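Take a look at the letters that make up each chain.
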Amino acid sequence: MIQRIQTLFLLIGTALISLMLFLPLAIISTYNTQYLLKADALINVMKDNQAELISFPLLIMLAVMVLVPLIAIFLYKKRMLQIRVTIFSSILNALFYALFFYEYSSIMKSLPVGEYMPTSFGWVLVCPAIAIIFNILAIRKIGQDEMLIRSLNSNRIR
């Protein structure tokens, strides 16, 4: 299971997504305060890291995004199902961006009105895109394994 390259691809993607649970996704600055947007809350840096808004949708989405590739890893005996679960993982990674920008816009509307400096988005926001690339690589390798097994079975029948 671990010695298969697609397992390593799925583990790397899972590790990248799990980083998003702990690192800030964006830094929102105003002239008098600074906020860190993390997966679970909006944290006011100037008030001793006090949580201003608690946001569960991003946290739940990231938790599912971490669990789905792990489930795919343990489906190594059912390769076609493993491919489907990995495709579902890629779709979840793409949907994360829609959910993130929806949450970001609602948070910006809920903050006190004032002049905002540009938001700096964290480098961890590229992790779902990189995880999609690793998922595609894993799908290709799983497909190659399936084709190899089918060719061996067809040779045995002859």
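It should be noted that the structure appears before, not after, this text.
An account of the accompanying structure is given in this report.

Conventions adopted
In this convention, every chain numbers its residues from 1, walking through the sequence in written order. Reporting of local features is limited, given that this is a predicted model, to residues whose pLDDT is at least 70; pairs of side-chain atoms are given and counted only at 80 or more, and all residues count toward the totals for whole chains, interfaces and linings. With hydrogens and water excluded, all non-hydrogen atoms of the structure serve as input to the side-chain values. We call a set of buried Ala, Val, Leu, Ile, Met, Phe, Trp, Tyr and Cys residues a nonpolar core when their side-chain atoms join them within 4.5 Å. When accessible area is computed with a 1.4 Å probe and restricted to protein chains, residues below 20% of their type maximum are described as buried, those above 50% as exposed, and intermediate ones as partly exposed. By definition, any uninterrupted DSSP run of H or I lasting at least four residues is a helix, any uninterrupted run of E lasting at least two residues is a strand, and each is numbered from the N terminus. Here, residues are in contact when the closest pair of their heavy atoms is within 4.5 Å. A pair of strands is treated as paired once DSSP finds two or more bridges between them. For every element, the axis is a line fit to its C-alpha atoms; helices are fit only across the contacting stretch, and the angle between N-to-C directions ranges from 0 to 180 degrees. Roughly parallel covers angles under 35 degrees, roughly antiparallel covers those over 145, roughly perpendicular covers 65 to 115, and oblique covers all other angles. Left-handed describes a crossing in which the near helix is turned anticlockwise from the far one by less than a right angle; the clockwise case is right-handed. Only Asp, Glu, Lys and Arg are considered charged in this grouping, and only Ala, Val, Leu, Ile, Met, Phe, Trp, Tyr, Cys and Pro are considered nonpolar; every other residue, Gly among them, is considered polar.

With respect to the nonpolar core
Phase 1 of the analysis: Membership of the largest hydrophobic core comes to 34 residues, with the highest contact counts inside it found for Met20, Leu25, Phe96 and Phe100.
Phase 2 of the analysis: Counting only elements with at least two residues in this core, the list comes to helix H1 (5-19), strand S1 (26-29), strand S2 (34-37), helix H2 (56-73), helix H3 (79-110) and helix H4 (127-157).
Phase 3 of the analysis: Ranked by residues supplied to this core, first place goes to H2 with 8 residues.
Phase 4 of the analysis: Setting aside anything within four residues of it in sequence, one finds Phe100 in contact with Leu25, Ala26, Leu37, Leu58, Phe121 and Leu125.

Focus: the pairing of strand S3 (residues 41-44)
Phase 1 of the analysis: Covered by surrounding structure in S3 are Ala41 and Ile43 together with Leu42 and Asn44, the residues of both alternating faces.
Phase 2 of the analysis: When S2 meets S3, the two strands line up antiparallel, connected through 3 bridges. When the bridges of S3 are listed, Leu37 appears paired with Leu42.
Phase 3 of the analysis: Hairpin remark: S2 followed by S3, antiparallel, with 3 residues in the connecting loop.
Phase 4 of the analysis: One ladder, built from 4 bridges, connects S3 with strand S4 (residues 50-54); its direction is antiparallel. Across the sheet, residue Ile43 finds its bridge partner in S4, namely Ala51.
Phase 5 of the analysis: Hairpin remark: S3 followed by S4, antiparallel, with 5 residues in the connecting loop; positive phi at Asp48, about 55°.

Structural notes on the packing of H2 against H3
Phase 1 of the analysis: Their axes nearest at 9 Å, the elements H2 and H3 cross at an angle of 165°. What the angle tells us is that H2 and H3 run roughly antiparallel. Along this stretch, H2 crosses H3, giving a crossing that reads as left-handed. Counted together, Pro57, Leu58, Met61, Leu62, Val64, Met65, Val68, Pro69, Ala72 and Ile73 of H2 and Gln82, Val85, Thr86, Phe88, Ser89, Leu92, Asn93, Leu95, Phe96, Leu99, Phe100 and Glu103 of H3 form the full contact between these two elements.
Phase 2 of the analysis: Of the residues in the contact of H2 with H3, the class split is 17 nonpolar, 4 polar and 1 charged.

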